[in-house]
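# Breakdown of the fold
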Amino acid sequence: MTHDYKTTVFLPQTDFAMRGNLPQKEPEILAFWERIGLYEKLHTLHIGAEKFVLHDGPPYANGNLHIGHALNKILKDIINRYQRSTGKQVSYVPGWDCHGLPIEWKIEEEYRASKKNKDDVPVLEFREQCRQYAAKWVEIQKEEFKRLGIDGNWQQPYTTMTHAAEAQIVRELHQFLMNDTLYQGFKPVMWSVVEQTALAEAEVEYQDKVSTEVYVKFKLGIFAKPDAASVGLAWNAPIDYSFNWLNNDVSLLIWTTTPWTLPANAAVAFNPAIPYALINVKGERFLIAQNLVVQTMQKLQISEENYSFEKRNINFQEIDVRRIFLKHALSHANADGQLRKLHPADFVTDTDGTGFVHIAPAHGEDDFLLAKQQFETRYDFPQILNKDGTYKDTVPDFAGMHIFKDTTTQAILDKLRENNALLYSGTFTHSYPHSWRSKKPLIYLATPQWFIGLDKEQHPIRTKALTAIEHTTFYPPQGKNRIRAMVEGRPDWCVSRQRAWGVPIMVLVDSRTNQPLRDAAINARIAAGVEAHGADYWYTLNINELLADTPYAADAKHYEKVSDILDVWFDSGSTHSFVLEDPSRNLQSPADLYLEGSDQHRGWFQSSLLESVGTRGRAPYKAVLTHGFCLDEQGRKMSKSLGNVTAPQEVISKYGADILRLWVVGADYYEDLRIGKNILEQNADLYRRLRNTLRYILGGLHGYSPTEAVPHADMPALEQYILHRVHGLAEHYRACATTYAFSAFYHELHAFCAGDLSAFYFDIRKDSLYCDAADDPKRRACRTVLQVLFEWLTYWLSPVLCFTAEEAWQAGRTDGDAESVHLRTSPDLPVVWRQPGIESRWERLRDIRRAVNVTLEAARADKTIGASLQASPKVTLPASDRAVITGIDLAELCITSGVTLDFAEGAEDITVTFTLASGEKCQRCWKVTPEVGQDAKHPVLCGRCTRVVG
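Residues numbered from 1 in each chain as written. Predicted model: local features only at pLDDT ≥ 70, side-chain atom pairs only at ≥ 80, totals over all residues. Heavy atoms only, no water.

Pairing is parallel across the open sheet formed by four strands, whose spatial order is E2-E26-E27-E19. Each edge of the open sheet is held by one strand with a lone partner, namely strand E2 (54–55) and strand E19 (473–475). Both strand E26 (residues 593–597) and strand E27 (residues 623–627) contribute to a ladder of four bridges, which runs parallel. Bridge pairing in E27 links Glu596 to Thr626. (Pairing = 2+ DSSP bridges. Helix = DSSP H or I, 4+ residues; strand = E, 2+ residues; numbered from the N terminus.)

The residue Lys209 is located in strand E8 (residues 204–222) in this model. In this structure Lys209 touches Phe404, Phe428, Thr429, His430, Tyr432, His434 and Pro441, once residues within four positions along its chain are discounted. (Contact = heavy atoms within 4.5 Å.)

So, on to helix H22 (residues 717–738). The α-helix winds at 3.6 residues per turn, so residues separated by three or four positions along the chain end up facing the same way. In this model, H22 (22 residues) spans 32 Å end to end at C-alpha, consistent with the 32 Å of a helix rising 1.5 Å per residue. Tyr740, located one to two residues past H22, shows a positive phi value of around 60 degrees. (Expected span 1.5 Å × (residues − 1).)

Residues Trp663, Phe742, Leu789 and Trp796 are the most contacted members of the largest nonpolar core, which totals 153 residues. Broken down by element, this core gets its largest block of residues, 14 residues, from helix H23 (residues 742–771). Leave out the neighbours within four places in its chain, and Trp796 touches Val726, Leu729, Ala730, Tyr733, Phe745, Tyr746 and Leu749. Ala264, Ala267, Ile302 and Leu330 belong to the second-largest nonpolar core, a separate cluster that totals 72 residues. (Core = buried A, V, L, I, M, F, W, Y, C linked by side-chain atoms within 4.5 Å. Buried < 20%, exposed > 50% of the residue type's maximum accessible area, 1.4 Å probe, protein only.)

Taking burial as the measure, the five residues of E26 include five buried ones, the bulk of the element. As judged from the two bridges shared by E2 and E26, these two strands associate in the parallel manner. Bridge pairing in E26 places His55 opposite Tyr594. In this fold, the crossover linking E26 to E27 by way of helix H18 (residues 604–616) has right-handed handedness. (Right-handed = clockwise from strand over helix to strand, strands pointing away.)

Scanning all chains against the criterion turns up zero disulfides. No disulfide involves Cys771; its sulfur sits 5.2 Å from the nearest other cysteine sulfur, which is in Cys945. The buried category is assigned to Cys771, whose relative accessible area is 5%. In this structure Cys925 is a free cysteine whose sulfur lies 3.6 Å from that of Cys922, the closest cysteine sulfur available. Its relative accessible area of 7% is what places Cys925 among the buried residues. (Disulfide = S-S within 2.5 Å.)

What the three strands build is an open sheet, ordered E23-E22-E24; its pairing is antiparallel. Each edge of the open sheet is held by one strand with a lone partner, namely strand E23 (515–516) and strand E24 (559–561).

Two elements in contact, H23 and helix H24 (residues 777–797), have axes whose closest approach is 12 Å; the angle formed by their N-to-C orientations is 160 degrees. Between H23 and H24, the angle falls in the class roughly antiparallel. Judged by the twist between their axes, the crossing of H23 over H24 is left-handed. For the pair H23 and H24, the contacting residues are Phe745, Tyr746, Leu749, Phe752, Cys753, Leu757, Tyr761, Phe762, Arg765, Ser768 and Leu769 in the first and Lys778, Arg779, Cys782, Arg783, Val785, Leu786, Leu789, Leu793, Trp796 and Leu797 in the second. (Axes fitted to C-alpha atoms, helices over the stretch in contact; angles between N-to-C directions. Parallel < 35°, antiparallel > 145°, perpendicular 65-115°, else oblique. Left-handed = near helix turned anticlockwise from the far one by under 90°.)

To continue, consider unusual backbone geometry. Tyr475 connects to Pro476 through a cis peptide bond whose omega is -5 degrees. Tracing the chain through its elements places Pro476 in the loop between E19 and helix H12 (478–489). The peptide bond linking Ser589 to Pro590 adopts the cis configuration, its omega dihedral lying at 5 degrees. Within the secondary structure, Pro590 is located in the loop between helix H17 (575–580) and E26. A positive phi angle, close to 60 degrees, is found at Asn514, a residue other than glycine. Residue placement: Asn514 occurs in the loop between strand E22 (508–510) and E23. Although it is not a glycine, Asp549 sits at a positive phi angle of roughly 60 degrees.

Assignment of secondary structure puts Glu681 in helix H21 (residues 677–700). Using a relative accessible area of 31% as the deciding quantity, one classes Glu681 as partly exposed. As for Glu681 and Glu531, which are separated by 150 residues in sequence, their C-alpha atoms are 51 Å apart. Filtering out sequence-adjacent residues up to four positions away, Glu681 remains in contact with Lys654 and Tyr655.

Okay, structure coming up:
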């Protein structure tokens, strides 16, 4: 009778399914975490131990999450989970940025759709609609983040619109008020004519824009004698004029790509260090920077035979430019007169343009500073624009026209032609600032705004910030250079916005002196009011009541409330003060880490730095990590118009969140990351290999008991080698995680699972695991190593594959183990596992195995054998390999039924000769051996299998 030996083989058994089915399984695991109160347990884990605090940069509460949100939050979650697993106390508080223009803009869109005017709605009603809109999206985004497996205090997140947060933001602002760095100034700022507000640098993006470029003539004249009345300047001493070549037949030539600013012209700038030339073009004479003559003539399509040099190397340092006047190119277009003056300026170059720059002080930073430094007080800054981008009624010829309308540009060109001042016009494509919200072009506009001064003598914020940067660790290191350059070159911080939804600039201004009221007691009253009623308090505040019983009560009628709101970057830059320093949250300040996209060097990293330095004299963080942006598979920016957007919600519904998390650590997130269908499929394949590794381990551990464990010293060489590899991986993991370079480790981990385990160790030990006796020392050693692998793989994978690691842990944990994989710390790492020199020995053994496999594959290819167990090859090795092979069962290593081993003196290579194994095939282990048939009771089994079943 034939005996069925299948039941005697220890086949793998596990409930850990081969298919992950993550879209359905992950919500069940989320429910399990909720059921056991995992966050509460994590929050109290390691109380009293060293803390690790990653402060969450608040995403904007506006719309569903995009792939950049997923990248950012997953990376934060991986880091937090790793830090907690090392025994540190980690409490992660997610947050949201809830004020500002994007939300206000959405509400205004709803108004416009229903034919309503925002200005007709009471401000508190409008603000309440903004508040409800933000609250709605906070809840939506919260659930989307949780679905990504992000661990955090979702019950008590922070938002910038709570009463407590708004009150603290006001207190932070008042600190700048009291140390005299907050001031009201008048200077050009980036202005959105669509949104009608000033914007911060971090709210500006650069896009290509087609502009009209013009070359314009400013007719030059010379005063016969100094005449104060003609230009509003006072000259006292007589001057010897010796530049007879200069007369009323000469024009200066300027080039601009913003012809709409010409009505605001107040002067023309030149550089005294640049040599100029006087050229004649068909009878017209022009002054141009000498190095730009050829370039300019080519641009104007004027051939060489049509122009000539009348004078070269003109040095304006030898000319008394006070005697020169210019006729405004638009003539009567300005109400403040036609005559303009020349002024020296270092910012004028001879690399492009004409070497002369038209100056509109209200519409350029360099222009404004030049006018401020060199203009006399009577020399006004022409104010030509309304806040919506239309010309004021006081601008002749163009009143009411919008600067970005083609008809306006045409009207300016027509007026220039009428005045014989236009030499050339054309289109010019260049990088131009746009609002990152409305996507519309911006302008520089000089308006009264509130600023935080960075270079006040008593409070040098810029200097302190640069010092703080030097004491901060940056990942990658070049981030330090980037933010340093930005802080070094940035202007004072404009913190005012001309909008309604946000924290108002809660400052009183004395209308008699235009100075802010600086009083600590008054500030405290204001902050207390906000703490009780929120920022809406400012709109209902009665100044008389606020100043009652104070030295200012009698003058209350002279004080006015500032109507602007705060820049939202000040809100988010202040979060360290009401999150990290909130004693109820058990955090610490400064934070160990700030982590955002690389664009935040000019955004949140910088606003947080300047705010903290200005109020505390130090940075709010010890380290800063930045990641790149998400692109499609072709490296293009994602956009709905291109149809190349990868939405995290779609990825989760098809693949599961763990695939997205695996993508994050699989890429070099210091650089831009690509994602798309093919890349996601690659990560899904990678996931399947990792999952199959876990499944094989769990199947091999069925019924495992710690009593089976074999001491390291008693283990076979193969098991000792695998444990040595585990030790090396553990050290590499610690090193990579310490510098947040996770991708390097997880690439190695995958190689370990695929190469060292699946294709090598599991392949070799499958026979012993399935067919040896339950108490066989080799099988017990193998299961001991499988248990080690289970503990370490679930530990390494838990920060990344947080759902799958939990599923595997629940399938393999025993009584006494942690309730969740995320409540564990690092497994033990015995020093004895590390064996110097073992790597080189096993590399040689693997070389021998590969040489044998080459021969076996050739035999398979010619149909000589079907399986490697049908072979018993002859292997000849160099004599130097004797020590390497000692104690190693080469047949077991090569998965053959036998091996004939020989050593050859002087041989340098491995020689393998194929031979068939002699004997019969064992029906239990499939080895071919002469032992089969020697036992009458089990005639189809080999000796080892006979002993096991007997």
